[in-house]
Amino acid sequence: MKGLALFAVAFTGALLLYATGDFPDWGSLDSPANGGELSTHYIKEVRKETEVPNIVTAVLADYRGFDTMFETVVVFVAGIAIIAVLRDFGNGSRGYPPALANNLPEEPDLIVTQTCNLVIPVLQIFALYVLAHGHHSPGGGFQGGVMLGASYILIALANGVEAAMKILSERKILLMAATGILIYSGTGLVCLLLGENFLDYHVLSRILPTDPIMARSHAMLFVETGVAFTVTAVMFSIYANLATRGTLKGGL
Amino acid sequence: MGEQAPIVIVLAPLFGALLIAFVGIRFKALCLPVTLGALSLSLAATVETFRTVLARGEFVYLLGGWKRLQEGDGISIGIEYRVDTISGLVLLVIAAVSLLVAIYSRTRVVADTPDRVPYYYMLYLLLVAGLAGMTITNDAFNLYVLLEISSLTSYALIAVGSRRAVLSAFNYVIMGTIGASFYLLGIGYLYIKTGVLNMQDIHAVIIANDLAESPSIRVASVLILMGVWIKMAFFPLHAWLPNAYSYSPTTTGALMAPLVTKVMIYIMIRMMVTVFGLDYSFRATPGMPLHWSNLVVTLSSIAIVAGSVMALSRRDLKKMLTYIIIAEVGYMVGGAWLANEKGMTGAVYHIVSDAFMTLCLFLAVGVIIARTGQSRIEGMNGLFKKMPLTMAAFTIGALSMIGLPPTCGFFSKWYLVGAGIEAGQWHYVGALLFSSLMNAVIFFRIFEMAYFPKEVNEAEPACFDPDAHPLETLEKTPSSMAIPLWISAVTLIVLGVFNYTIVQWIASALQSLNFFPAAG
């Protein structure tokens, strides 16, 4: 059986190597992915069509915004799935082995908590910057959301999961994650209700004080904010459920 | 709705899931009505879309309103939905089956997962959104994103069941992730070589730049094929399926067994037909001793025989049905690769009929488990007397599985056998007939036991699976379970009677693709 597995791995690897020889040169300007009609259009027309300087953001949140909406739903599903499978609602229904003995010291460590108190506000402000600056530099909702989520995880690491859950309770987590999706898909739905196709942001100029092109740029910020909401909530939720084996008590 | 109907198909379940997240957690009684409402809206939108497709051919919907370049003739810069009669039929199946199973779930979800009802229905709705989105999209990468959603939700829907379900879900996670990775790698290779993601555009670039012979496109096609084969449980890549479907909660099995494998087969067909093109899929590769078409049809024959034999050896109803699914996957893969129009038509028609056959049998077995507390074949002793209506519906499903007229199982098998003869693939024809025979043996054994009860030897108590749930049994079949079961059973006959209409719809889509090689 091991031999068979080794053969399968070697065969697949050989197949991939065989294909690699056929690829265009790395970074070549003539390769279809770089110089093809599609990329050329994005590079040349992005300012004219969306007013967003960061091409990646425009492709991610507008041209292929529908993909990104469902990527956010993937994150949401991951959070829901972890809760559905792991969460122990207090009746031991899941029958998992009990959580590790509560190994938290009586008092949280002074140095750790004080350092975290210093780091967390900076981390959160930087996260908001990364979120808001996604139009101009690398960044956006996923990156900003991960940082925000990490700041809550840091609180949990320093003071215990229960202390962190006082700030962001389970109910709030779910509401926040769903709100993120709602902001994203709701932006699309408003476009639909205004008589255009789903996620066709330019029609938002009718309710925003901007022209249709700038409306696209603004709408991207809305949807990125939605992404950040969901990612933040789900990051923390997954950590809290995994660290406490679904009990949300004690833990790391 | 009109022009917006295609997007409503996918959005209705998505917003339904959000609504449950907002209100369903607190008011648990609202979860089921929200689910039913969202799925009904989705079904209405699907019907509307399908009617439009019948009236005017392909229905294209541009997400974000991004039009194709050069006044609609150039490449696509956004994501587009494109519905033809084939994807329309699969969408109808998804919408109808998910709505029926949602009705059926009324008592089951509370019994199987009492403390996580809202989460269950959220995952349920998102799984439906994922499956519908995979079917309707015309974008190879968008398909992958929706594939992720449907995979993640199905892992969770299986794992909320008994403890054995958790382990089988874990096996499924490993296999499913490998399958999805293969698909993604394949799409990545296609993008490197073509620079586009829209399915039509990929095909156009492959033709225009004469890339069909290039190694990376060939490897991409193999990777994509392997990915979807793992996901559809094509023998011998099937190992994850039997445990995952039989240990999962009743409604999960009833939702996933008819839909997930069928949607993956639809995607395989879409890849063969739209992305690579039939010329690429079916042409003999110069300098290669193997002919793809011959190879895959041989593999399907093996899958059919192996699935049937394994089904025969199972003593548990649910397990037996899961092995029958594996055999049925072989039917459809083989039909699609027979390289003639009849085979492709038969494969698509069989997607529709097999979805309803599987649904009917899974719903019936769900009722049997709810009433008797177990699913061993021995436990069916004298069931015709105890629950005649359920067993009648079970019989219709079984006859369709065997392939007796006037059920749709007969007609789809008829097209597949005809196509096999036309293509001269006698082993495939033989495997189909063998499988029918096996199904007959399997089901008549059950009928005999259920219709002519034997004296139960008290010294030999019926064997109970300690992990099987629910442990409590119902006195009476609730109408929320009986009605969907009967609708699915009647649908089998209706689909059989109207088989010609359905075949015409499928044929019209295949003709509009316009590059089908001359039959034979």
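Residues numbered from 1 in each chain as written. Chains lettered and ligands numbered in written order. Predicted model: local features only at pLDDT ≥ 70, side-chain atom pairs only at ≥ 80, totals over all residues. Heavy atoms only, no water.

Enquirer: Would you explain the pairing of strand β1 (residues 59–63) of chain B in this entry?
Expert: Consecutive side chains of a regular strand alternate in pointing toward one face of the sheet and then the other. Residue and element names in this part refer to chain B. Within β1, four of the five residues are buried, which leaves the element mostly enclosed by the surrounding structure. Pairing geometry for β1 and strand β2 (residues 79–83), over five bridges, is antiparallel. Note that in β2 the partner of Leu 63 across the bridge is Ile 79. (Buried < 20%, exposed > 50% of the residue type's maximum accessible area, 1.4 Å probe, protein only. Helix = DSSP H or I, 4+ residues; strand = E, 2+ residues; numbered from the N terminus. Pairing = 2+ DSSP bridges.)

Enquirer: Looking at this model, I keep getting lost on the packing of helix α5 (residues 65–86) of chain A against helix α1 (residues 5–24) of chain B. Mind explaining?
Expert: In a pair of packed helices, the angle between the axes and the distance between the axes together describe the arrangement. Between α5 of chain A and α1 of chain B, whose axes approach to 13 Å, the crossing angle comes to 35°. Considering how the two elements wind past one another, α5 of chain A and α1 of chain B form a crossing that is left-handed. Of the residues in α1 of chain B, those touching α5 of chain A at Phe 66, Met 69, Phe 70, Val 73 and Phe 76 of chain A are Ile 7, Val 10, Leu 11, Leu 14 and Ala 21 of chain B. For the contact of α5 of chain A with α1 of chain B, the residue count by class is ten nonpolar, no polar and no charged. (Axes fitted to C-alpha atoms, helices over the stretch in contact; angles between N-to-C directions. Left-handed = near helix turned anticlockwise from the far one by under 90°. Contact = heavy atoms within 4.5 Å. Nonpolar A, V, L, I, M, F, W, Y, C, P; charged D, E, K, R; others polar.)

Enquirer: What exactly am I supposed to notice about the layout of surface pockets here?
Expert: Left-over empty space is what a probe sized like a water molecule reveals as it rolls over the atoms. The volume enclosed by the largest pocket comes to roughly 1,300 Å³. What lines the largest pocket is a set of 33 residues, and nearest its centre among them are Ala 8, Phe 11 and Thr 12 of chain A together with Met 226 and Leu 237 of chain B. Elements that contribute at least two residues to the lining of the largest pocket include exactly α1 (2–20) of chain A together with α7 (163–194), α9 (215–232) and α13 (292–312) of chain B. Element by element, the count of residues in the lining of the largest pocket is highest for α1 of chain A, at nine residues. Broken down by class, the residue content of the lining of the largest pocket amounts to 29 nonpolar, three polar and one charged. Of the pockets and cavities examined, the second largest pocket occupies roughly 770 Å³. Surrounding the second largest pocket, 33 residues form its lining, Ala 33, Asn 34 and Ser 39 of chain A together with Tyr 191 and Leu 197 of chain B being those nearest its centre. Among the secondary structure elements, those contributing two or more residues to the lining of the second largest pocket are α2 (32–35), α3 (37–50), α4 (55–63) and α5 of chain A together with α7 of chain B. (1 Å grid on protein atoms, 1.4 Å probe; cavity = no way out; pocket = protein on both sides within 12 Å on 5 of 7 lines; lining within 4 Å. Points joined across faces, edges and corners; volume = space filled by probe spheres on them.)

Enquirer: Whenever I open this one, a nonpolar patch on the surface confuses me. Can you help?
Expert: A cluster of nonpolar side chains, contributed by Val 490, Ile 493, Val 494, Val 497 and Phe 498 of chain B, occupies part of the molecular surface with about 410 Å² of accessible area. Along the polypeptide, Val 497 of chain B turns up in helix α20 (residues 479–497). (Patch = residues over 30% accessible without salt bridge, like charges linked within 9 Å, V, L, I, M, F, W, Y side chains within 5 Å. Areas by Shrake-Rupley, 256 points an atom, 1.4 Å probe, with all protein chains shown as cover. Salt bridge = Lys/Arg side-chain N within 4 Å of Asp/Glu carboxyl O.)

Enquirer: For this particular structure, what's the right way to read helix α5 (residues 117–136) of chain B?
Expert: Given 3.6 residues to a turn, an α-helix orients residues that are three or four positions apart in the same direction. An ideal rise of 1.5 Å per residue puts 28 Å on 20 residues; α5 of chain B measures up with 29 Å between its terminal C-alpha atoms. Here α5 of chain B lies mainly inside the structure; 20 of its 20 residues are buried. (Expected span 1.5 Å × (residues − 1).)

Enquirer: Even after reading the chapter, I still don't get the interface of chain B and chain A, so can you show me in this structure?
Expert: Often, the extent of an interface is quoted as the loss of accessible area upon association of its parts. Taken residue by residue, the interface counts 63 residues in chain B and 60 residues in chain A. Between chain B and chain A, the buried area comes to about 5,500 Å², and carbon and sulfur atoms account for 70% of it. Here chain B and chain A share two salt bridges between them. Across the pair Asp 139 of chain B and Arg 64 of chain A runs a salt bridge whose closest N-O atoms are separated by 2.6 Å. Here chain B and chain A share 15 residue pairs in polar contact (both at pLDDT 80 or more) between them. The set of elements that each furnish at least two residues to the side of chain B that touches chain A consists of α1, β1, α3 (69–72), β2, α5, α6 (140–159), α7 and α9 of chain B. If you tally residues by element for the side of chain B that touches chain A, the top one is α6 of chain B, at ten residues. For the side of chain B that touches chain A, a count of residues per class yields 42 nonpolar, 13 polar and eight charged. (Buried area = accessible area lost by both parts, 1.4 Å probe. Polar contact = N/O pair within 3.5 Å; in protein donor to acceptor, adjacent residues only side chain to side chain.)

Enquirer: Please clarify how empty space enclosed by the protein should be interpreted in this entry.
Expert: All names here are of chain B. Applying the stated criterion across every chain yields a total of eight cavities of 30 Å³ or more. Considered as a void within the structure, the largest cavity measures approximately 130 Å³ in volume. When residues of the lining of the largest cavity are traced back to their parent elements, those giving at least two are α9, α11 (250–276) and α12 (278–282). With four residues, α9 is the largest single contributor of residues to the lining of the largest cavity. The residue makeup of the lining of the largest cavity, split by class, is nine nonpolar, two polar and no charged.

Enquirer: How do you make sense of the side chain of Ser 216 of chain B when you look at a structure like this?
Expert: Considering the arrangement of structural elements, one finds Ser 216 of chain B in helix α9. Among the residues examined, Ser 216 of chain B registers a relative accessible area of 0% and is labelled buried. Polar contacts involving the side chain of Ser 216 of chain B include one to the side chain of Asp 22 of chain A, which spans 2.4 Å. Those residues in contact with Ser 216 of chain B that sit more than four places away from it in its chain are Ala 19, Asp 22 and Phe 23 of chain A together with Tyr 189 and Lys 193 of chain B.

Enquirer: Explanation requested: the packing of aromatic side chains in the structure shown.
Expert: Centre-to-centre distance and the angle between the planes together describe a pair of aromatic rings. All chains considered together, the criterion is met by 25 aromatic pairs over all chains. A ring pair is formed by Tyr 63 of chain A and Trp 66 of chain B, whose centres lie 4.4 Å apart and whose planes are at 35°; its orientation type is tilted. With Tyr 63 of chain A in helix α4 and Trp 66 of chain B in the loop between β1 and α3, the pair connects residues from two separate chains. Of the two residues, Tyr 63 of chain A and Trp 66 of chain B, neither departs from the other in class, the shared state being buried. Looking at Arg 56 of chain B, its charged tip hangs above the ring of Phe 59 of chain B, at a distance of 4.6 Å from the centre. (Phe/Tyr/Trp six-rings, centres within 6.5 Å; stacked < 30°, edge-to-face > 60°. Lys NZ or Arg CZ within 6 Å of the ring centre and 35° of its normal.)

Enquirer: For this particular structure, what's the right way to read the pattern of salt bridges?
Expert: Residue and element names in this part refer to chain B. Under the definition given, this model contains 17 salt bridges over all chains. Close ionic contact of Asp 84 with Arg 270 constitutes a salt bridge, the shortest N to O distance being 3.1 Å. Of this pair, Asp 84 sits in the loop between β2 and α4 (85–112) while Arg 270 sits in helix α11, and the two are 186 residues apart along the sequence. Like Arg 270, Asp 84 is buried. Through salt bridges that share partners, Glu 58, Arg 68, Glu 80, Arg 82 and Asp 201 make up one connected network.

Enquirer: How do you make sense of the confidence of the model for chain B when you look at a structure like this?
Expert: Fine structural detail should not be taken from predicted coordinates in areas where pLDDT scores are low. Residues and elements named next belong to chain B. For chain B, the mean per-residue pLDDT works out to 87, and 93% of the residues sit at or above 70. Here residues 458–470 is modelled with pLDDT under 50, and outside its nearest four sequence neighbours on either side it reaches 19 contacts, counting other chains as well. Of the regions scoring below 50 in pLDDT, residues 515–520 engages in twelve contacts with residues more than four places distant in sequence or in other chains. As scored by the predictor, the complex reaches a pTM of 0.93 and an ipTM of 0.92. (pLDDT = per-residue confidence, 0-100.)

Enquirer: Sorry, what's going on with the environment of Ser 169 of chain A here?
Expert: All names here are of chain A. Position of Ser 169 relative to the elements: it lies in the loop between α8 (161–167) and α9 (170–193). Relative accessible area serves as the criterion here: at 25%, Ser 169 is assigned to the partly exposed category. Here the alpha-carbon distance between Ser 169 and Ile 80, two residues 89 residues apart in the chain, equals 15 Å.

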